[in-house]
Amino acid sequence: MSSSIVDLGFFDAIQSSMENEATVKDNIRSAVRELDRTNRNITAVLNRVHSSPKEQVPALCAQARIYFSDIQSHISDLAKIVPSNQYYKYNNLWSGPMQQACFLATLIMYLEHERLITVDELEGFFAVKVDLDNNITDFQISIEEFLHGVVSLTNELSRLAVNAVTAGDYTRPVRIGKFLKELYSGFQLLNLKNDSLRKRFDGIKYDIKKVEEIIYDLTVRKLVVANAEPPQEEAIVTDGHA
């Protein structure tokens, strides 16, 4: 009898490894679905700021904050599933919903205080650290996820500027415009190498231009007093060039 020249046990081991990985991915996807569902609940609450009197905004933010205890539970469940030192292997499975969650926390903080959220405050929302050193060894929020959330804020605020005018709040677009310009200046200090993040960052100037147009129109109609000028393509500096 001739002996086998191929060790079939080798393939059995590979199959076992593949099945284990598939199980891990299924468990992660299940946890991510819960995170995504809670994100949608928070979004539904915060969307009401676009059609509610400004006096109701604090109550809406308080209502949205309640859901972050669920977010923390989802992240805790997710962290238990992800194998040690394999964060980046599976990160693509939850990165999108995590970016959305970062955006929602950032939006709440802006609506409450009209400023950018701090890292400490973001960590408080999620009860997990933000990876500022780009050296993740356990489950954390990546700096890219945080920045994607901040970029999403600019688009939401340009939308809010439009709806604020519709509601008769003519000073909010001016404050939003000032915030967005300062935020854009901050992003220009970063050497962004993430392609998707870089492309989204480039879109901030269009959100600013949209708000500038609103402010200029309000100024022309004498609904606000501001040093507004007609929006121009060259008004925003990109990569050090006008």
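Residues numbered from 1 in each chain as written. Predicted model: local features only at pLDDT ≥ 70, side-chain atom pairs only at ≥ 80, totals over all residues. Heavy atoms only, no water.

- The protein chain goes by Translin in an unreviewed UniProt entry, where it is assigned to Entomortierella parvispora.
- Its UniProt record gives the protein chain a comment under Sequence similarities (unreviewed entry), which states: "Belongs to the translin family." (UniProt positions renumbered as here; feature names shortened; annotations may be inferred.)

### Overview of the packing of helix H5 (residues 95-113) against helix H6 (residues 119-126)
- In the contact formed by H5 and H6, the axes pass within 10 Å of each other and the chain directions differ by 120°. Both H5 and H6 take part in a crossing whose hand is right-handed. Where H5 approaches H6, its residues Ala101, Cys102, Ala105, Ile108 and Met109 are matched on the opposing element by Glu121, Leu122, Phe125 and Phe126.
- Here the contact of H5 with H6 is composed, by residue class, of 8 nonpolar, no polar and 1 charged. (Axes fitted to C-alpha atoms, helices over the stretch in contact; angles between N-to-C directions. Helix = DSSP H or I, 4+ residues; strand = E, 2+ residues; numbered from the N terminus. Left-handed = near helix turned anticlockwise from the far one by under 90°. Contact = heavy atoms within 4.5 Å. Nonpolar A, V, L, I, M, F, W, Y, C, P; charged D, E, K, R; others polar.)

### Section: the pattern of salt bridges
- Summed over all chains, the structure comprises 15 salt bridges.
- A salt bridge links Glu114 to Arg172; the nearest nitrogen and oxygen atoms lie 3.9 Å apart. On the criterion of sequence distance, the pair formed by Glu114 in the loop between H5 and H6 and Arg172 in helix H8 (residues 172-188) is long-range, its members being 58 residues apart.
- In this structure Glu114 comes out as partly exposed when scored by relative accessible area, which is 30%.
- Residue Arg172 is classed as buried on the basis of its relative accessible area, which comes to 10%.
- A salt bridge links Glu121 to Arg115, with the shortest nitrogen-to-oxygen separation between them at 2.6 Å.
- Given a relative accessible area of 23%, Glu121 falls into the partly exposed group.
- A single salt-bridge network, built from bridges that share partners, covers Glu114, Asp169, Arg172 and Arg175. (Salt bridge = Lys/Arg side-chain N within 4 Å of Asp/Glu carboxyl O. Buried < 20%, exposed > 50% of the residue type's maximum accessible area, 1.4 Å probe, protein only.)

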